[in-house]
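Summary of the model geometry
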Amino acid sequence: MRDADFEIFRDYMKKSSGLVLTPDKVYLLESRLLPVAKENGFSDLADLAVIIKQGTDAKIMKQVTEAMATHESSFMRDGKPYERFEKIILPQIMENNAASKKIRIWSAACSSGQEPYSLAMLMKEIGAKLDGWRIDIFATDISDHILDKARDGTFTQFEIQRGLPIQYLVKYFEQNGEQWRIKQDVKSMVRFQNLNLLSNIAHIGEFDVVFLRNVLIYFDVPTKAEVLQKVRDVTDDKGFLVLGGAETVMGISEKWKLLKGHNGLYLPADGNFEALEQKCAGISI
Amino acid sequence: MKTCLVVDDSRVVRRVARQIVEDLGFECIEAEDGKQALEQCLIKMPDCVLLDWNMPVMTGIEYLRELRKVEGGNSPMVVFCTTENDMSKIMEALAAGANEYIMKPFDSDIIRSKFEQVGVL
């Protein structure tokens with residue numbers, strides 16, 4: 001790939017999705033975009049770069065953005081965030097929202113739906129304690145293609161085996177040949193929507209907890225700061241932010257602060273840390 | 001060191017599984033069928049069992065039912081690892097006392113994730 005073409009793709013991806021592409025990602029770029037080029041009748045990436053530079057073909061530009069997005073996901077990924085949700089986040093939200101009896105969850109960059117569906121299944125498992133509560137699980141991604149898969153709720157044998165306890169498979173999935181489809185009562189708990197985290201997100205509402213795991217790692221520092229600010233703006237003052245275990249806000253944003261001893265779990269910086277830390281004292285995760 | 005009993009009539013599968021469970025830090029014991037596996041358990045109960053379904057002499061499900069009847073036989077975490085992928089078979093395995101279920105083909109990530117779920121990792 002010519003340096004000039006790489007720069008066109010690099011600049012476009014940064015602008016369209018915040019994704020930072022360094023020169024060592026040329027191979028990734030070629031492997032993801034060659035199929036897009038061929039699909040549109042181009043022989044190589046140089047022609048595709050011309051289209052991107054012109055910036056007039058919205059369909060192809062969207063295809064490029066979608067092709068470069070990373071869709072790594074699994075059910076109950078990493079385990080601990082779900083334990084923290086059940087033992088720390090949810091009880092606190094239920095205390096905060098005892099009057100409204102509403103729980104609002106945002107799974108940002110939800111990929112093919114494993115995270116929001118895992119949360120929905122977890123809520124089902126909690127059961128009677130949540131009777132009378134209205135649960136809204138809002139799940140977004142930048143890719144229409146991956147959202148179609150998420151909405152369909154059908155997963156391969158390989159996908160359902162990564163992290164999903166077998167009892168959950170039996171209870172919440174139906175078998176369809178070699179595929180497994182999530183049951184309607186779980187599916188209906190989640191609403192999916194296309195959303196670019198770099199766009200104006202103020203209209204999406206307010207949430208008690210935002211799952212933004214393994215997303216910031218793809219952004220540069222200014223973009224991370226921008227996204228963290230936007231997420232703060234749509235999070236309740238007593239709400240929570242869940243990041244990936246390897247992600248941090250340190251040196252990036254002063255809007256969020258880590259809950260001591262709980263990697264990846266953040267509260268608004270002016271939150272009541274002392275009270276929550278006391279409540280969490282006996283909880284080992 | 002925790003022990004894992006790998007029960008499969010295929011030498012190739014046992015070899016692959018041995019490599020994975022040893023990489024996960026287990027001492028690996030092997031058995032070719034359910035009868036051999038039961039004999040091993042009567043000598044010393046392993047911490048976990050990775051268990052095939054279809055085997056000669058004694059099948060995986062027959063072995064599991066017998067295992068759960070003997071003294072101390074409730075302690076090993078049993079993870080089926082089989083080509084049987086029907087919901088009815090999964091439910092049968094759970095009813096017999098299986099703790100987890102892997103549908104072949106498997107890889108090290110799947111085994112690790114299932115071992116974590118049953119608490120042996």
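Attention here is on the structure that accompanies the text. What you see is a predicted model; the values in this text were computed from it and never measured.

A word on the overall build of chain B. Helix and strand counts for chain B stand at five helices and five strands. Taken from the N to the C terminus, the helices and strands of chain B come in the order β-α-β-α-β-α-β-α-β-α. When the backbone C-alpha atoms are referred to their principal axes, chain B occupies close to 35 × 30 × 25 Å. Counting only residues that meet the buried cut, chain B has 51% of its 121 residues in that class.

Contact residues are listed per partner, giving 19 residues for chain B and 16 residues for chain A. Run the count over chain B and chain A and you get two salt bridges. Across the pair Asp109 of chain B and Arg162 of chain A runs a salt bridge whose closest N-O atoms are separated by 3.1 Å. Where chain B packs against chain A, one counts eleven residue pairs in polar contact (both at pLDDT 80 or more). Among the elements that line the side of chain B that touches chain A, the one with the most residues is helix α5 (residues 108–117) of chain B, at five residues. Class assignment for the residues of the side of chain B that touches chain A results in nine nonpolar, four polar and six charged.

Counting 74 residues, the largest nonpolar core has Phe85 and Phe173 of chain A together with Tyr63 of chain B as its most contacted members. Setting aside its immediate chain neighbours within four residues, Phe173 of chain A contacts Phe75, Met121, Phe155, Ile160, Leu164, Tyr168, Trp180, Arg181, Ile182 and Lys183 of chain A together with Met87 of chain B. One finds Leu197, Ile201, Phe207 and Ile252 of chain A within the second-largest nonpolar core, a separate group that totals 24 residues.

For the structure on display, the rule yields twelve aromatic pairs over all chains. Between Trp106 of chain A and Phe207 of chain A, the ring centres sit 5.6 Å apart and the planes meet at 35 degrees, which makes this aromatic pair tilted. You can see Trp106 of chain A sitting in strand β1 (residues 102–108) and its partner Phe207 of chain A sitting in strand β7 (residues 207–212), a full 101 residues away along the chain. The residues Trp106 of chain A and Phe207 of chain A share a single accessibility class, namely buried. On the numbers, 5.8 Å between centres and 35 degrees between planes, the contact of Phe80 of chain B with Tyr101 of chain B is tilted. Of this pair, Phe80 of chain B sits in strand β4 (residues 77–82) while Tyr101 of chain B sits in strand β5 (residues 100–103); the two residues are 21 residues apart in sequence, bridging distant segments of the chain. An aromatic cluster is defined as three or more aromatic residues linked by ring pairs; in this entry it consists of Phe75, Tyr117, Phe155, Phe173 and Phe192 of chain A. The lysine or arginine in question, Arg232 of chain A, covers the ring of Trp256 of chain A, its NZ or CZ lying 5.9 Å from the ring centre. Above the plane of the ring of Phe273 of chain A lies Lys257 of chain A, whose end atom (NZ or CZ) is 4.9 Å from the centre.

Analysis parameters
Residues numbered from 1 in each chain as written. Chains lettered and ligands numbered in written order. Predicted model: local features only at pLDDT ≥ 70, side-chain atom pairs only at ≥ 80, totals over all residues. Heavy atoms only, no water. Helix = DSSP H or I, 4+ residues; strand = E, 2+ residues; numbered from the N terminus. Buried < 20%, exposed > 50% of the residue type's maximum accessible area, 1.4 Å probe, protein only. Contact = heavy atoms within 4.5 Å. Salt bridge = Lys/Arg side-chain N within 4 Å of Asp/Glu carboxyl O. Polar contact = N/O pair within 3.5 Å; in protein donor to acceptor, adjacent residues only side chain to side chain. Nonpolar A, V, L, I, M, F, W, Y, C, P; charged D, E, K, R; others polar. Core = buried A, V, L, I, M, F, W, Y, C linked by side-chain atoms within 4.5 Å. Phe/Tyr/Trp six-rings, centres within 6.5 Å; stacked < 30°, edge-to-face > 60°. Lys NZ or Arg CZ within 6 Å of the ring centre and 35° of its normal.

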